[in-house]
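Examining the three-dimensional arrangement
Next come the chains, spelled out residue by residue.
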Amino acid sequence: MGKIIAVVNQKGGVGKTTTAVNLTAALHDLGQKVLLCDFDPQANATSGLGLDKRSIKYSVYDVTINDVPLAEAIVHTDYGDVLPSSADLAGAAVELISTQHRELQLEKALHAGKDQYDLIFVDCPPSLELLTLNALCAADGILVPVQCEYYALEGLSDLMSTLRMVKKRLNPRLEIFGVALTMFDGRTNFSAQVAQEVRRHFPGKVFQTVIPRNIRLAEAPSHGIPVTAYDKYSRGANAYREMAEEIKAKL
């Protein structure tokens, strides 16, 4: 049975979607069966794997709210399978308020896929509200991207508090799967200091591979492909391949 990993950090701009998209593609290239569930209404992970948001028949909204079967909504790409998102998801939190077991709707939707995939990534919105809570209740673990910049650890205490609450009351199997250091600038001592601080806060949980600041990583989404396809010899592509190898070993 596969693992569900929520890629989560309520702080925006930390490389969350970039990490979800590129790890999906890199693990797919390693022969893993991977599904990327885009659970962010902005749908950036959907377009990041080459899908046109306007031409999607069914999205994660339909699976979660309208009981559309998971298999009917999944789209196969050259970089892994995608459960796409849509703007409709923005209203899902309101619609779920009156739903019984509202925090468990994503878990129910993804359950059918756990036997079919080695790994299911859930790209979460940059907040700690009902959509993210659904992802935490569905997940076996969380992957937390942390940018190597000032205030890197700001807000992570809120995330850890939420994690403990969900683990205690709703999902006892939830663990920290890994912490990914992103936007690392090897030219500065400051990035190294932040990396050291994050490793001190999360002993044994931080991936050895760090994701560098890399222009190819920034350019790839505008072309609708992961960096491993856009420029497979770039520093960003190499880093995500190395991190994917770490994840495969953990699995």
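Our subject is the structure listed above.
Here is a short report on the structure shown in this document. (Residues numbered from 1 in each chain as written. Predicted model: local features only at pLDDT ≥ 70, side-chain atom pairs only at ≥ 80, totals over all residues. Heavy atoms only, no water.)

1. Examining the environment of Gln147
Operational definition: Each helix corresponds to a stretch of at least 4 residues labelled H or I by DSSP, and each strand to a stretch of at least 2 residues labelled E; elements are numbered beginning at the N terminus.
Looking at where Gln147 falls in the secondary structure, it is placed in strand 6 (residues 141–147). Taking the C-alpha atoms as reference points, Gln147 and Arg213, separated by 66 residues in sequence, lie 9.8 Å from one another.

2. Side note on the pairing of strand 7 (residues 175–182)
When a strand is regular, its side chains alternate between the sheet's two faces. So the rule is basically this: Burial classes follow relative accessibility: with a 1.4 Å probe on protein chains only, a residue under 20% of its type's maximum area counts as buried, one over 50% as exposed, and anything between as partly exposed. Here the term right-handed applies to a crossover when the path leading from its first strand over the helix to its second strand runs clockwise, the strands being oriented away from the viewer.
Across the 8 residues of strand 7, 7 count as buried, placing the element largely inside the fold. One crossover worth recording links strand 6 to the parallel strand 7 by way of helix 8 (residues 156–169), and it is right-handed.

3. Here we look at the packing of aromatic side chains
Cut-off, in case you're wondering: Between rings of Phe, Tyr and Trp, where Trp is taken as its six-membered ring, a pair exists when centres lie within 6.5 Å; planes separated by under 30 degrees are stacked, by over 60 edge-to-face, and by other angles tilted. Counted as over-ring charges are cases with an Arg CZ or a Lys NZ within 6 Å of the ring centre that also lie within 35 degrees of the ring normal.
If you walk through the whole model with that rule in mind, you get 2 aromatic pairs. Residues Tyr150 and Tyr151 carry aromatic rings whose centres are separated by 4.3 Å and whose planes lie at 45° to one another, so their mutual orientation is tilted. Residues Tyr150 and Phe190 carry aromatic rings whose centres are separated by 6.3 Å and whose planes lie at 45° to one another, so their mutual orientation is tilted. Of this pair, Tyr150 sits in the loop between strand 6 and helix 8 while Phe190 is found in helix 9 (residues 189–201), placing the two residues 40 residues apart along the sequence. The exposure class of Phe190 is partly exposed, given its relative accessible area of 36%. In textbook terms, an aromatic cluster arises when at least three aromatic residues are bridged by ring pairs, as seen for Tyr150, Tyr151 and Phe190. The ring of Tyr117 carries the charged tip of Lys33 above its face, separated from the ring centre by 5.6 Å. Over the face of the ring belonging to Phe177 we find Lys250, whose NZ or CZ atom lies 4.9 Å from the ring centre.

4. Focus on the side chain of Asn171
This is how it is decided: Throughout this description, a polar contact denotes any pair of N or O atoms lying within 3.5 Å of each other; where both atoms belong to protein, one of them has to be capable of donating a hydrogen while the other can accept it, and for residues adjacent in sequence the pair is counted only when both atoms sit in side chains. We call two residues contacting when some pair of their heavy atoms lies within 4.5 Å.
By secondary structure assignment, the location of Asn171 is in the loop between helix 8 and strand 7. One polar contact links the side chain of Asn171 to the main-chain carbonyl oxygen of Ala139, over a distance of 2.7 Å. Non-local contacts of Asn171, meaning those with residues more than four positions away in its chain, are made with Leu136, Cys137, Ala138, Ala139 and Val166.

5. Looking at helix 12 (residues 235–250)
Every α-helix carries 3.6 residues per turn, so stepping three or four residues along brings you back to the same face. Formally: How far a helix is expected to stretch is found by multiplying one less than its residue total by 1.5 Å. To be clear, the arc concerns the directions from the helix axis to the C-beta atoms.
With 16 residues, helix 12 extends 23 Å from end C-alpha to end C-alpha; this agrees with the ideal 22 Å at 1.5 Å per step. Within helix 12, the full set of buried residues consists of Gly236, Ala237, Ala239, Tyr240, Met243, Ala244 and Ile247. Buried residues of helix 12 fall within an arc of 160° about the axis and therefore sit on the same side. In this structure, the buried residues of helix 12 make contact with helix 1 (16–29), strand 5 (119–123), strand 6, strand 7, helix 10 (215–219) and helix 11 (227–230).

6. Points about the environment of Gln196
Among the structural elements, Gln196 can be located in helix 9. Spatially, the C-alpha atom of Gln196 lies 9.8 Å from that of Cys148, the residues being 48 residues apart in sequence.

7. Re helix 7 (residues 130–138)
Burial analysis of helix 7 places 8 of its 9 residues in the buried class, the great majority of the element. Listed in full, the buried residues belonging to helix 7 are Leu130, Leu131, Thr132, Asn134, Ala135, Leu136, Cys137 and Ala138. At its buried positions, helix 7 is contacted by strand 1 (3–7), helix 5 (92–96), helix 6 (105–110), strand 5, strand 6 and helix 8.

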